[in-house]
Amino acid sequence: MRVLIPFGKRRVVAVIIDVLSHTEVDANKLKSIIRVLDDEPALPNSILSLCKWAIQYYHHAPGEVLQNALPLALRNEDNSTKEIITAWKASAKGQLIDITTLARAKKQVDALTILREHPQGLTQPLLKGLNVNSSILKALKEKGLAEIQQQEAQYQPWTTENLLKETPLSLNQQQQLAVDAVLHSDTREFAAYLLDGITGSGKTEVYLQILEQVLRDGKQALILVPEIGLTPQTLKRFNQRFNVPIFALHSNLTANQRLAVWRQAKAGSAAIIIGTRSALFTPMKQPGVIIIDEEHDLSYKQQDGFRYSARDMAVVRAKLDNIPIVLGTATPSFESLFNVQQGRYQQLALTQRAGDAKLPSFHLADLRNAELTNGLSKPLISAMRHELSQGNQVLFFLNRRGYSPVLMCHDCGWNANCTMCDARMTYHRQPTHLHCHHCDFQTRIPRHCPDCNSTDLRAIGQGTERVDESLSELFPKTTIIRIDRDTTRRKDALENHLKQIHTGEPCILIGTQMLAKGHHFPNVTLVVISDIDSGLFASDFRATEHTAQLILQVAGRAGRAEKPGKVILQSHNPEHIVLQSLLHQNYKEFTQVALSERKLTGLPPFGYIAIFRAEAADANTAMQFMELLVTHFSLIAPPGVEAWGPVPALMTRKAGRFRYQVLLRGNNRTALHQAISTLIPQISNLPESRKVRWHVDVDPVQID
Ligand code: ADP
Ligand code: ZN
Ligand code: ZN
């Protein structure tokens, strides 16, 4: 239950997670709860259990875990888990009075008649819709015939009558097998399925037909998608199919709007809830199924504060709710593939594109010694020109926003670096400034080189803004739509761009990974992937996995309808094993090689890891704290668990702070977690811990 408690000089909203009859704490130190805020638990049992699981597993502060699970608006003592509405009713006198005595006040007669017909009460907006305005209600109240009452809003449960608004597609054999597998038992108990379907194989249709049956059973569904940009699209497709209340939870909603959706889900009147990571905690009265779309996506892992994986926790939740969970993707994470191998997940494969669509052809363009105009090769320009002349759309993928990643002095080689980070500043032209994408520091472009005073400062390398400029010069008559964080800051901007793409008119789309995910652009026939080489050589052990996934996801945007598609990948390293295995779009072949390499290192999924990170204003303080951690670890080290480090983070200085880390690796999950549990109180008690900011990241997805 939520309660209001005294906390220092403040009053805060807290959550009771356990009730004890005995405590070691001195009686005079105990304080009383000021007030219980709701008349029901704020978190249903399964969500509370999920939170308790996460507190243990992620070794995280209970308060912050619960804060993530509760809607923001419920941190306010004035809000309640239930919606309270103000309703107008006929008073006892109003019920009994002979209505003809009011005959001269015609409007009051009508109003009182309506109120008498609705003994459960009506809200002001509803009454207004019935032509009863507030002055009439007031008049009735003054005569003692009507009264106001605060009451709980009644949600209508949804019905399955006329469930379908459109006829479902007839499934191909593989799709049918997938749907049947998930729906096979009448009881629909917990089971995890990996829907491993290539891009364009019709995973959404599989979801829809699973949902249909779940909805017919009167059960609710929770769908997680990686990007807010995908919620309107998913919402639209689900709304086209089903005649039930479907709600989207995304970051454009106000706290009160989110609370409204949360209440409907909890009360069982929301049939389908679609949302990003944090929607995982939405309660459901009648849980039926959880679907995680693009399960490999990194955005499911929260990267600060409570560092949880919404995908992994969704599996735990499905187990607690005892319902099936479907993890869909064209490029499964190595963890999920491993879980299939271990028999924990059941794999459902879709190996063909749905309908008549064919997989795009894949071409590697060797950039070595290639003659480039504005960073583009001649064959590439003519391929783009050809597609546009056929009335098709071209997608140009470059995962770097801004004009150029480097601003350099041509005379002495000086680079514009961030003063707060070990990083170069990105040069932007719209508006002109230097921007550090790591700490957000922004500054003007210097007129002269600060080292040699030369005015010959040059933009080196390509960002989306520069590609936009180059392509506008090369294709002056073609519409160019750039989608990156800079062009989609305004509310609705992304949706408007997407709408324009969906008109199908020939155009060039330039985009970062925002464009790579899940979108269905039927008229894109050519995808250009530029400058992906850095991902092939990064030191993060997951870098090649993520690069391969990104390439296939971007490539998957081509040729999704009747028109065949083509992918051109520009690289200076065309022989690289990742690119070679992807040449045949063979993710499986790639994963087999990459997984056997992982096995040798004992890294996930073949072992378990957690990273301790510490940062401080000076390097020594952070480093020494991490050394102390390793010392403490060596005293308790369980067999099979080892500490790597301390090492400086790849970007050692970020936002003015120095960062060091220690990685713990274990063959056995339990032993690793025991070590973490023992270490945390030990190092928290060190005086040195107060001089640093530190945290532990369990199952980290990015090591930077
Ligand atoms: P994915 O999510 O697997 O990339 P989608 O679900 O977006 O693919 O499907 C791609 C296209 O194939 C969509 O236009 C969809 O309507 C179509 N499609 C899916 N299943 C079928 C089917 N059984 N018959 C015909 N077309 C289908
Ligand atoms: Zn210079
Ligand atoms: Zn910076």
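Computed from a prediction, not measured in an experiment: that's the story for all the values here.

Summed over the entire model, instances satisfying the criterion amount to 12 aromatic pairs. Measuring from ring centre to ring centre gives 6.0 Å for tryptophan 53 and tyrosine 58, while their planes differ by 85°; the resulting arrangement is edge-to-face. Here phenylalanine 338 and phenylalanine 606 contribute two aromatic rings whose centre-to-centre distance is 5.2 Å and whose plane-to-plane angle is 70°, an arrangement assigned as edge-to-face. Of this pair, phenylalanine 338 sits in helix α12 (residues 334-341) while phenylalanine 606 sits in the loop between α19 (587-601) and β27 (608-616); the two residues are 268 residues apart in sequence, bridging distant segments of the chain. The class for phenylalanine 338 is buried, based on a relative accessible area of 13%.

Bringing the sheet that holds strand β8 (residues 220-224) into the picture now. Where strands meet in a sheet, backbone hydrogen bonds hold them as pairs that are either parallel or antiparallel. The strand order across the open sheet built from 7 strands is β9-β10-β8-β11-β12-β7-β13, with neighbouring strands paired in parallel fashion. Looking at which strands have only one partner, the edges of the open sheet turn out to be β9 (246-249) and β13 (345-350). Geometrically, the sheet is characterised by an average inter-axis angle of 20° between neighbouring strands, direction not taken into account. Where helix α7 (residues 173-183) meets the sheet, it contacts β7 (191-197), β12 (324-329) and β13, and its direction lies at approximately 160° from that of β13. Along the sheet face, helix α8 (residues 203-216) touches β7, β8, β10 (272-275), β11 (287-293), β12 and β13 and points at about 170° away from the line of β11.

Here we take up the coordination of the zinc ion (ligand 3). Reference values for angles at a metal are 109.5 degrees in the four-donor tetrahedral case and 90 or 180 degrees in the six-donor octahedral case. Only Cys418 (SG), Cys421 (SG), Cys436 (SG) and Cys439 (SG) from the protein reach the zinc ion (ligand 3) as donors, at distances of 2.2 to 2.4 Å. Geometry at the zinc ion (ligand 3) is tetrahedral, judged from its 4 donor atoms and the angles of 104 to 114° they form at the metal. The sequence motif formed by the donor residues of the zinc ion (ligand 3) is C-x2-C-x14-C-x2-C. For the residue pair cysteine 418 and cysteine 421, the accessibility class agrees, reading buried in each case.

For the zinc ion (ligand 2), every protein donor is listed as Cys409 (SG), Cys412 (SG), Cys449 (SG) and Cys452 (SG), and the spread of their distances is 2.2 to 2.4 Å. If you look at the zinc ion (ligand 2), its 4 donor atoms make angles of 105 to 112° with each other, and the shape they trace is tetrahedral. Site description for the zinc ion (ligand 2): donor spacing in sequence, C-x2-C-x36-C-x2-C. Here the residue cysteine 412 occupies a position in the loop between β18 (406-409) and β19 (426-429), and cysteine 449 occupies one in the loop between β21 (442-443) and β22 (457-460), the gap between them amounting to 37 residues. What makes cysteine 412 partly exposed here is its relative accessible area of 40%. Overall, the relative accessible area of 1% leaves cysteine 449 in the buried class.

This brings us to the packing of helix α4 (residues 106-117) against helix α6 (residues 134-142). With their axes 10 Å apart at the nearest point, α4 and α6 run at an angle of 80° to one another. The orientation of α4 with respect to α6, classified from their angle, is roughly perpendicular. Residues Lys107, Gln108, Ala111, Leu112 and Leu115 of α4 lie in contact with α6, whose contacting residues are Ile136, Leu137, Ala139 and Leu140.

So, about the domain arrangement of the chain. Split by domain assignment, the chain resolves into domain 1 (2-75), domain 2 (86-152), domain 3 (173-350), domain 4 (361-404 + 461-595) and domain 5 (608-698). Here the C-alpha centre of domain 3 lies 28 Å away from the C-alpha centre of domain 1. Of the roughly 1800 Å² buried between domain 1 and domain 3, counting both surfaces, carbon and sulfur atoms make up 74%. When residues of domain 1 are sorted by the area they lose upon contact with domain 3, Leu50, Tyr58 and Asn68 head the list and together hold 32% of the total. One can count 1 salt bridge joining domain 1 with domain 3. Lysine 266 is the salt-bridge partner of glutamate 40, the closest N and O atoms lying 2.8 Å from each other. Counting across the domain 1 and domain 3 interface gives 5 residue pairs in polar contact (both at pLDDT 80 or more).

Cut-offs used in this document
Residues numbered from 1 in each chain as written. Chains lettered and ligands numbered in written order. Predicted model: local features only at pLDDT ≥ 70, side-chain atom pairs only at ≥ 80, totals over all residues. Heavy atoms only, no water. Phe/Tyr/Trp six-rings, centres within 6.5 Å; stacked < 30°, edge-to-face > 60°. Helix = DSSP H or I, 4+ residues; strand = E, 2+ residues; numbered from the N terminus. Buried < 20%, exposed > 50% of the residue type's maximum accessible area, 1.4 Å probe, protein only. Pairing = 2+ DSSP bridges. Axes fitted to C-alpha atoms, helices over the stretch in contact; angles between N-to-C directions. Contact = heavy atoms within 4.5 Å. Donors = N, O, S within 2.8 Å, 3.2 Å for Na, K, Ca; no water. Tetrahedral: all angles 85-135°; square planar, octahedral: opposite > 155°, others 65-115°. Parallel < 35°, antiparallel > 145°, perpendicular 65-115°, else oblique. Domains from an automatic or database assignment. Buried area = accessible area lost by both parts, 1.4 Å probe. Salt bridge = Lys/Arg side-chain N within 4 Å of Asp/Glu carboxyl O. Polar contact = N/O pair within 3.5 Å; in protein donor to acceptor, adjacent residues only side chain to side chain.

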